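Fold and geometry: a report
The residues making up each chain are set out below.
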Amino acid sequence: MVGRIVASRLVLDAKVEAGDVLVELDAEPERLQIREQRARLAALDPQVRALEAEIAAAEQGRVRERDAADVALDEARARLREAEALSRYADGEATRLDRLQREGLVPQRDLDQGKSEAARRRAAADSLRPVAGRLEREQRTRDTDREAHLKRLLGEITQLQGQKVPMLAAIGRLEYEIERRRVRAPVGGRLGEVAVLRPGAVVAEGEKLGAIVPLGALRVVAEFPPQAALGRIHPGQLARL
């Protein structure tokens, strides 16, 4: 690819290993984008942790709220049972006084007081009956609201987690682009030919930057047409390279 050289390690006759970076092209824009993506990625984790902490607190609050609601409901039911028992007793007492009054054993005043007490006890019991139902309805409403709140928080976490996928993909693509701008030695050997490259120079696509002579014995093979070699080439003959 076309690029501006930022580093060159091309030294004639230098020994290199396969994979050594010989030339680096400018990849600063890609590195800046990677830092930006990683900064955005790092900012997501604290948001996720904060939402998870809020969910945990909401769950604990829901448990405490349910416990308190159960206690209040039990108390309301206990008061209702007590009021109903007193109402039944007052009704029985009024019935007994009514029978005694008809027999002339108690004055009308006692009967009126008994009936008044029975009516008061019935009214007290009637006033307590809706309380338990109201408490249950209020608790169901609070449970519904908390469930909706928890679902919203879970949705925000899912959304934040989903933002990580394209960021990680973008970082991988940018890292690949940076790696493409590193010219590496395909084999080990010695640099037998190098281009004179200085930082800031621009190289074109397909431009030859150097050649590596593999390590080991070097064999020179000369090829001559038969008519030129016949009678002139023989085994062990010296040659000049």
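Preceding this section is the structure that the text describes.
Residues numbered from 1 in each chain as written. Predicted model: local features only at pLDDT ≥ 70, side-chain atom pairs only at ≥ 80, totals over all residues. Heavy atoms only, no water.

What follows concerns the overall build of the protein chain. Looking only at helices and strands, the protein chain features three helices and seven strands. Counting helices and strands in the order they occur from the N terminus, the protein chain gives β-β-β-α-α-β-β-β-β-α. Taken over the C-alpha trace, the protein chain has a radius of gyration of 47 Å; the compact-globule value for 241 residues is 18 Å, which it surpasses by more than 25%. Taking the principal axes of the C-alpha coordinates as reference, the protein chain spans close to 165 × 40 × 25 Å. Counting over 241 residues, the protein chain shows a buried share of 25%. If you sum the accessible surface of the protein chain, you get close to 16,800 Å²; carbon and sulfur atoms cover 54% of it. (Helix = DSSP H or I, 4+ residues; strand = E, 2+ residues; numbered from the N terminus. Rg over C-alpha atoms; globule rule 2.2 N^0.38 Å. Buried < 20%, exposed > 50% of the residue type's maximum accessible area, 1.4 Å probe, protein only. Areas by Shrake-Rupley, 256 points an atom, 1.4 Å probe, with all protein chains shown as cover.)

A separate point is the sheet that holds strand β4 (residues 182-184). Taken together, the four strands give an open sheet; going across it, the order is β4-β3-β1-β6, and neighbouring strands pair in antiparallel fashion. The sheet terminates laterally at β4 and β6 (202-203), the two strands that pair on one side only. Note: strand β1 (residues 3-8) against strand β3 (residues 21-25), three bridges, orientation antiparallel. Across the sheet, Ser8 pairs through a bridge with Val23, a residue of β3. (Pairing = 2+ DSSP bridges.)

To continue, consider the nonpolar core. Listed in full, the twelve residues of the largest apolar core are Leu41, Leu44, Val48, Leu51, Ile55, Ala58, Leu150, Leu153, Ile157, Leu160, Met167 and Ile171. Sorting the residues of this core by element identifies α1 (28-102) and α2 (108-180) as the ones contributing at least two each. Leave out the neighbours within four places in its chain, and Val48 touches Ile157, Leu160 and Gln161. (Core = buried A, V, L, I, M, F, W, Y, C linked by side-chain atoms within 4.5 Å. Contact = heavy atoms within 4.5 Å.)

With that settled, consider the sheet that holds strand β5 (residues 189-194). What links the strands of a sheet is backbone hydrogen bonding, and the strands pair in either a parallel or an antiparallel sense. The strand order across the open sheet built from three strands is β2-β5-β7, with neighbouring strands paired in antiparallel fashion. Lying at the two open borders of the sheet, with one neighbouring strand each, are β2 (15-16) and β7 (210-214). Note: β2 against β5, two bridges, orientation antiparallel. In the sheet register, Lys15 faces β5, and the bridge partner there is Arg190.

On the secondary structure map, Val21 appears in strand β3. A relative accessible area of 18% places Val21 in the buried class. Residues Val21 and Glu223, 202 residues apart in the sequence, show an inter-C-alpha distance of 36 Å. Ignoring any residue separated from it by four or fewer positions in sequence, one finds Val21 in contact with Arg9, Arg182, Val183 and Arg184.

What the largest pocket holds in volume is close to 300 Å³. Around the largest pocket, the lining residues are Val220, Ala222, Phe224, Ala228, Arg232, Ile233, His234, Gln237, Leu238, Ala239, Arg240 and Leu241. Taken together, the residues that form the lining of the largest pocket break down as eight nonpolar, two polar and two charged. (1 Å grid on protein atoms, 1.4 Å probe; cavity = no way out; pocket = protein on both sides within 12 Å on 5 of 7 lines; lining within 4 Å. Points joined across faces, edges and corners; volume = space filled by probe spheres on them. Nonpolar A, V, L, I, M, F, W, Y, C, P; charged D, E, K, R; others polar.)

Burial runs high along β3: five of the five residues are buried. When β3 meets β4, the two strands line up antiparallel, connected through three bridges. Paired with Val21 across the two strands is Arg184, which belongs to β4.

The next thing to look at is a negative patch on the surface. Taken together, the side chains of Asp67, Asp70, Asp74 and Glu75 make up a negatively charged region of the molecular surface. Counting through the fold element by element, Asp67 comes out in helix α1. A relative accessible area of 45% means that Asp67 is categorised as partly exposed. (Patch = residues over 30% accessible without salt bridge, like charges linked within 9 Å, V, L, I, M, F, W, Y side chains within 5 Å. Salt bridge = Lys/Arg side-chain N within 4 Å of Asp/Glu carboxyl O. Lys, Arg positive; Asp, Glu negative; His and termini not counted. Charge placed at Lys NZ, Arg CZ, Asp CG, Glu CD.)

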